[in-house]
Amino acid sequence: MKIIPVTCAIIIHQGKVLLAQRSEVMDLPGKWEFPGGKVEMGEDPKACLIREIGEELGIQILIKTELTPVDFDYPTKKIRLIPFVADWTGGEIILAEHAQVGWYDQNQLFLLDLAPADIPIVHELTEKWVNLVAPNQR
Ligand SMILES: Nc1nc2c([nH]c(=O)n2[C@H]2C[C@H](O)[C@@H](COP(=O)(O)OP(=O)(O)OP(=O)(O)O)O2)c(=O)[nH]1
């Protein structure tokens, strides 16, 4: 089975992280994830993420750092989830696809019913938190 590349954004704002809950009509209904989506043929992953965040949330982001991609096999597909830490630089959030979004403290993330591919990313985020978030934002 071919691996589908998917980008996702860890948007950190005022010391909190934006998580989105997938809606009933999406794959993995009800699961929480970092917003993003599939990379199109020939598309640069960062360009994909900027496009997906614009489409899904209606906001602009500035991509800062890439975390470690996660390969995950779901029953019907294999994905490579490519996470980028990003700042929210403009626009107001208007949901186009997700059921809801929320801003969470780093230590609340494991309380959510996360998409399984996101769990290693949340671990890495927790480990690197002090390096990723300035002291006045924590
Ligand atoms: N966007 C995103 N998708 C994730 C995450 N974790 C995870 O397992 N996935 C899965 C869910 C989907 O099976 C796949 C991404 O599909 P998607 O539905 O978000 O992407 P898309 O908007 O480009 O898809 P489509 O509706 O056009 O087919 O990756 C995550 O943190 N963010």
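Just above sits the structure.
These figures come from a predicted structure and were not determined experimentally.

Peer 1: Could you give me a rundown of the overall build of the protein, with the residues and numbers involved?
Peer 2: Helix and strand counts for the protein stand at two helices and eight strands. Starting at the N terminus and walking to the C terminus, you meet the elements of the protein as β-β-β-β-α-β-β-β-β-α. Computed over its C-alpha atoms, the radius of gyration of the protein comes to 14 Å, within 12% of the 14 Å expected for a compact globule of 138 residues. With respect to the principal axes defined by its C-alpha atoms, the protein has extents near 45 × 30 × 30 Å. In the protein, 67% of the contacts between residues at least 6 apart in sequence involve partners at least 24 apart. Within the structure as shown, the protein displays about 7300 Å² of accessible surface, and the carbon and sulfur contribution to it stands at 53%. Of the side-chain charges in the protein, 13 are positive and 20 negative, and the distance between the mean point of each set is 4 Å.

Peer 1: Residues and numbers for helix 1 (residues 45-57), please.
Peer 2: In this model helix 1 runs 18 Å from its N-terminal to its C-terminal C-alpha over 13 residues, within 8% of the 18 Å that 1.5 Å per residue would give. Buried residues of helix 1: Cys48, Leu49, Glu52, Ile53, Glu56 and Leu57, and no others. Axial view of helix 1: buried residues confined to an arc of 125°, hence all on one face. Where helix 1 is buried, its residues touch strand 1 (3-13), strand 2 (16-21), strand 4 (36-38), strand 5 (60-66), strand 7 (78-90) and strand 8 (100-104). You can read the cap of helix 1 off the contacts: a side-chain oxygen lies 3.2 Å from the backbone nitrogen of Lys46, and it is on Asp44. Gly58 sits one or two residues past helix 1 and shows a positive phi near 75°.

About the criteria used
- Residues numbered from 1 in each chain as written.
- Predicted model: local features only at pLDDT ≥ 70, side-chain atom pairs only at ≥ 80, totals over all residues.
- Heavy atoms only, no water.
- Helix = DSSP H or I, 4+ residues; strand = E, 2+ residues; numbered from the N terminus.
- Rg over C-alpha atoms; globule rule 2.2 N^0.38 Å.
- Contact = heavy atoms within 4.5 Å.
- Areas by Shrake-Rupley, 256 points an atom, 1.4 Å probe, with all protein chains shown as cover.
- Lys, Arg positive; Asp, Glu negative; His and termini not counted.
- Charge placed at Lys NZ, Arg CZ, Asp CG, Glu CD.
- Expected span 1.5 Å × (residues − 1).
- Buried < 20%, exposed > 50% of the residue type's maximum accessible area, 1.4 Å probe, protein only.
- Arc of directions from axis to C-beta.
- Polar contact = N/O pair within 3.5 Å; in protein donor to acceptor, adjacent residues only side chain to side chain.

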